Amino acid sequence: MQTIGGDAIELSAPERSKLEAERLAAAQEACAQGATWSVAQWMDYLNHINPEHMELGLERVREVAIRMGLMAVLKVSKTTIVTVAGTNGKGSTATLIARAMGQFMPVGLFTSPHLLKFNERIEIKCEPISDEALVAALHQVVKAQFALRDNSSPLAGQVIFLTYFEIVTLAAMDAFLMAHCPLIVLEVGLGGRLDSTNIFDAAVAVITSIGLDHMKVLGNTTTAIAGEKAGIIKHGSTVILGENIDPAARQVILAQAAKQEARVLAEGTDFSAEIGAENLRFKGPQGNLTLSLPQVPFGCVGPALAAISTLFTLPELSVRLPQFRQARNEIDAAVAMTKLLGRMTKAPQVKNLYLDVAHNVPAAKHLVTHELPEHLGRVRPWLVIGMLKDKDVEGVLEALAPHFECFYVGSLHTERGESSERLRAALLEYGVAPEDIVAGDSIAEVLERALNDRTNETIVVVGSFVTVAEAWDYLCSLV
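Cut-off values and rules
Residues numbered from 1 in each chain as written. Predicted model: local features only at pLDDT ≥ 70, side-chain atom pairs only at ≥ 80, totals over all residues. Heavy atoms only, no water. Helix = DSSP H or I, 4+ residues; strand = E, 2+ residues; numbered from the N terminus. Contact = heavy atoms within 4.5 Å. Buried < 20%, exposed > 50% of the residue type's maximum accessible area, 1.4 Å probe, protein only. Pairing = 2+ DSSP bridges. Core = buried A, V, L, I, M, F, W, Y, C linked by side-chain atoms within 4.5 Å. Salt bridge = Lys/Arg side-chain N within 4 Å of Asp/Glu carboxyl O. Right-handed = clockwise from strand over helix to strand, strands pointing away. Arc of directions from axis to C-beta. Lys, Arg positive; Asp, Glu negative; His and termini not counted. Polar contact = N/O pair within 3.5 Å; in protein donor to acceptor, adjacent residues only side chain to side chain. Axes fitted to C-alpha atoms, helices over the stretch in contact; angles between N-to-C directions. Parallel < 35°, antiparallel > 145°, perpendicular 65-115°, else oblique. Left-handed = near helix turned anticlockwise from the far one by under 90°. Nonpolar A, V, L, I, M, F, W, Y, C, P; charged D, E, K, R; others polar.

**Q** Looking at this structure, I do not really get the side chain of T93. What am I missing?
**A** With respect to the secondary-structure elements, T93 resides in helix α5 (residues 90-101). Apart from the residues within four sequence positions on either side, T93 is in contact with V84, V206, T208, C300, P303 and A304.

Below, the structure written as structure tokens:
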């Protein structure tokens, strides 16, 4: 078994035997009792599996999907699927696609991770899945792990154990098909080629950006990472490429697209999105649109609109749709209103405080070169930050340090959480004065300290989904 950080977990034979017995007992209980469980009980079950652990390969998750009948239903229903991969911007891009297309038809949207409530990961008709539908879908997955099949598959006669993310992926797909969604948008979890979302054939594949992240798993060059993300490209599909992909990485993706005989639409060549003082101008193969200023990060808008315009041309969906340019009002409404919590979100609980989930070097650079100037002008804010230890902590802090005045660093108490000591040491290395750094045992502690210390300074909370979630919980406790 491997973790997100890529380190193998070496177990002795007795330890492995004990672990397998515990997994089997827990899965048997979920299979027998899960239909009556609450969402909280299902969260306990999933967290016991551990969301940070992964097992490479698609054979197990594909076999369970077949047992559930998902592949057969997808084939008969001719459901259209969009997959969205990339180092950054996946969630905002996927959400904007779903929000715009949701003006015309029921759309299923799968994203990860969640910030405040697990149901956020699975949206149907632009709303988080209900507790009842979530419980039913999770139970279907666990039952299928025990549903033995008599066929040629080497896994046909086995009980199959899935990872946290694999279970959630199949539950999402089951819920979407039960809701009769003709269009499904899937955010890829990690990489692409071996991600569980990749067992499904996507008509449109979006690759938003390529940067250095999850390098122990995906590779330590952008070309290696591009190769993994290009694995989502299916034969005869359309590939949408964002602008933030370096030339060498782009060539890797283009080679895979050619191999799959896929059509490629690249930002800057085949489509463009330009921000003006009062509006957004999109130019693409299906026509040009002038739209409202977007709420999602600007780099996500062009790829999302290119994917939307492509969907308008697909025969399976075109019967439900007007011409692309005639859909301007509906698309404009989605562009104007779609915003995800934690993407330079202004906190409503206190003044002059923003939250952003930037957690790797490309995201940190985007934050300081685009988001901070756009929202704050020349103001040098204070930083509250907590990070995960498998990220490039030093690289992120090196990018952020010159753009902030004071630094409040907190420890994250999860399996992947890093201590505040490492963050403080990195900031000192990059020339931040010791008196400008406050270290604490939690995000709540350092955020409280920052709020008490400031007079009228702006605070930006950064570092990970975990950081923003903990900050949000603390801010809500103030109301």
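**Q** Just to check I follow, could you spell out unusual backbone geometry for this structure?
**A** Only a minority of non-glycine residues have a phi that is not negative, and only a minority of peptide bonds are not trans. Residue P113 is bonded to the preceding S112 through a cis peptide linkage, with omega at -10 degrees. Structurally, P113 can be placed in the loop between β4 (107-110) and β5 (122-124). Even without being glycine, K125 reaches a positive phi, approximately 55 degrees. Position of K125 relative to the elements: it lies in the loop between β5 and β6 (127-128). The exposed category is assigned to K125, whose relative accessible area is 53%.

**Q** Can you help me understand the pairing of strand β12 (residues 280-284) in this one?
**A** Side chains on a regular strand alternate between the two faces of the sheet. Residue alternation in β12 divides its side chains into a buried set, L280, F282 and G284, and an unburied set, R281 and K283. Note: strand β11 (residues 272-275) against β12, 4 bridges, orientation antiparallel. Counted as the bridge partner of I275 is L280 from β12. Taking the residues that link successive antiparallel strands as the turn, the β11-β12 hairpin has 4 residues. Two successive antiparallel strands, β12 and strand β13 (residues 287-291), enclose a turn made up of 2 residues.

**Q** Honestly, the nonpolar core in this entry has me stumped. Any pointers?
**A** One broad rule of soluble globular proteins: the nonpolar side chains tend to lie buried together. Counting 49 residues, the largest nonpolar core has W42, Y45, L46, L170, M173, F176 and F200 as its most contacted members. Listing elements by their share of this core, those giving two or more residues are α1 (13-33), α2 (39-49), α3 (59-68), α4 (70-77), β5, α6 (131-146), α7 (164-178) and β7 (183-187). Setting aside anything within four residues of it in sequence, one finds F176 in contact with G108, L109, F110, I122, E123, I124, C181, I184 and L186. Formed by 42 residues, the second largest nonpolar core is a distinct cluster that contains A100, V301, L321 and F324.

**Q** Just checking my understanding: could you explain α3 for this structure?
**A** Think of an α-helix as 3.6 residues a turn; residues three or four steps apart then line up on the same face. In terms of burial, α3 is largely enclosed, as 7 of its 10 residues are buried. Residues of α3 that are buried sit in contact with α4, α6 and α7.

**Q** Where do I start with the pattern of salt bridges in this structure?
**A** Any two side chains of opposite charge can pair, on the condition that their charged atoms come close. According to the stated counting rule, one finds 11 salt bridges in the structure shown. The salt bridge involving R380 is made with E405; its shortest N-O contact spans 3.6 Å. With R380 in the loop between α14 (361-376) and β16 (382-385) and E405 in the loop between α15 (393-400) and β17 (407-410), this residue pair connects regions lying 25 residues apart in the sequence. For R380, a relative accessible area of 42% translates into the label partly exposed. Here R422 makes a salt bridge to E394, at a shortest N to O gap of 2.8 Å. Of this pair, R422 sits in helix α16 (residues 420-429) while E394 sits in helix α15; the two residues are 28 residues apart in sequence, bridging distant segments of the chain. For R422, a relative accessible area of 25% puts it in the partly exposed group. Overall, E394 belongs to the partly exposed group, its relative accessible area being 27%. Through salt bridges with shared partners, a single ionic network connects E394, E418 and R422.

**Q** Which parts of the structure should I look at to understand the pairing of strand β9 (residues 238-244)?
**A** Most of β9 is tucked away, with 5 of its 7 residues classed as buried. Direction of pairing for strand β8 (residues 204-209) relative to β9: parallel, over a ladder of 5 bridges. Its bridge partner being in β9, I207 is matched across the sheet by L241. As paired strands, β9 and strand β10 (residues 263-266) are joined by 4 bridges and run parallel to one another. Following the sheet pairing, V239 is matched in β10 by V264. With helix α10 (residues 247-259) bridging β9 and the parallel β10, this β-α-β connection has right-handed handedness.

**Q** Got a minute to help me understand helix α13 (residues 328-337) in this structure?
**A** Looking only at α13, the buried set comprises I331, D332, A334 and V335. Considered in projection along α13, the buried side chains sweep an arc of 160 degrees and stay on one side of the axis. Among the exposed residues of α13, those pointing more than 90 degrees away from its buried face are N329 and M337. Residues of α13 that are buried in the fold lie against α5, β12, β13 and α11 (298-311).

**Q** How should the sheet that holds β16 be read in this particular structure?
**A** Backbone hydrogen bonds are what pair the strands of a sheet, in a parallel or an antiparallel way. Reading across from one edge, β14-β15-β19-β16-β17-β18 is the order of the 6 strands in this open sheet, with mixed pairing throughout. Each edge of the open sheet is held by one strand with a lone partner, namely β14 (345-346) and β18 (437-440).

**Q** Looking at this model, I keep getting lost on the side chain of E371. Mind explaining?
**A** Inspection of the secondary structure assignment puts E371 in helix α14. It is K339 that comes nearest to the buried, bridge-free E371 among opposite-charge side chains, at 6.6 Å. Within polar-contact distance, the side chain of E371 engages the side chain of H366 at 3.2 Å. Discounting chain neighbours no more than four positions away, the residues touching E371 are P297, M344 and H366.

**Q** Help me understand the packing of α2 against α6, please; the structure alone is not making it clear to me.
**A** If you want to describe how two helices pack, look at the angle between their axes and the distance between the axes. Axis separation between α2 and α6 bottoms out at 10 Å; the angle between their running directions is 40 degrees. Regarding the angle of α2 to α6, the classification is oblique. Considering the relative orientation of α2 and α6, their crossing is left-handed. Contacts from V39, W42, M43, Y45 and L46 of α2 reach α6 at D131, L134, V135, L138, H139 and V142. Classifying every residue of the contact of α2 with α6 by side-chain character gives 9 nonpolar, 1 polar and 1 charged.

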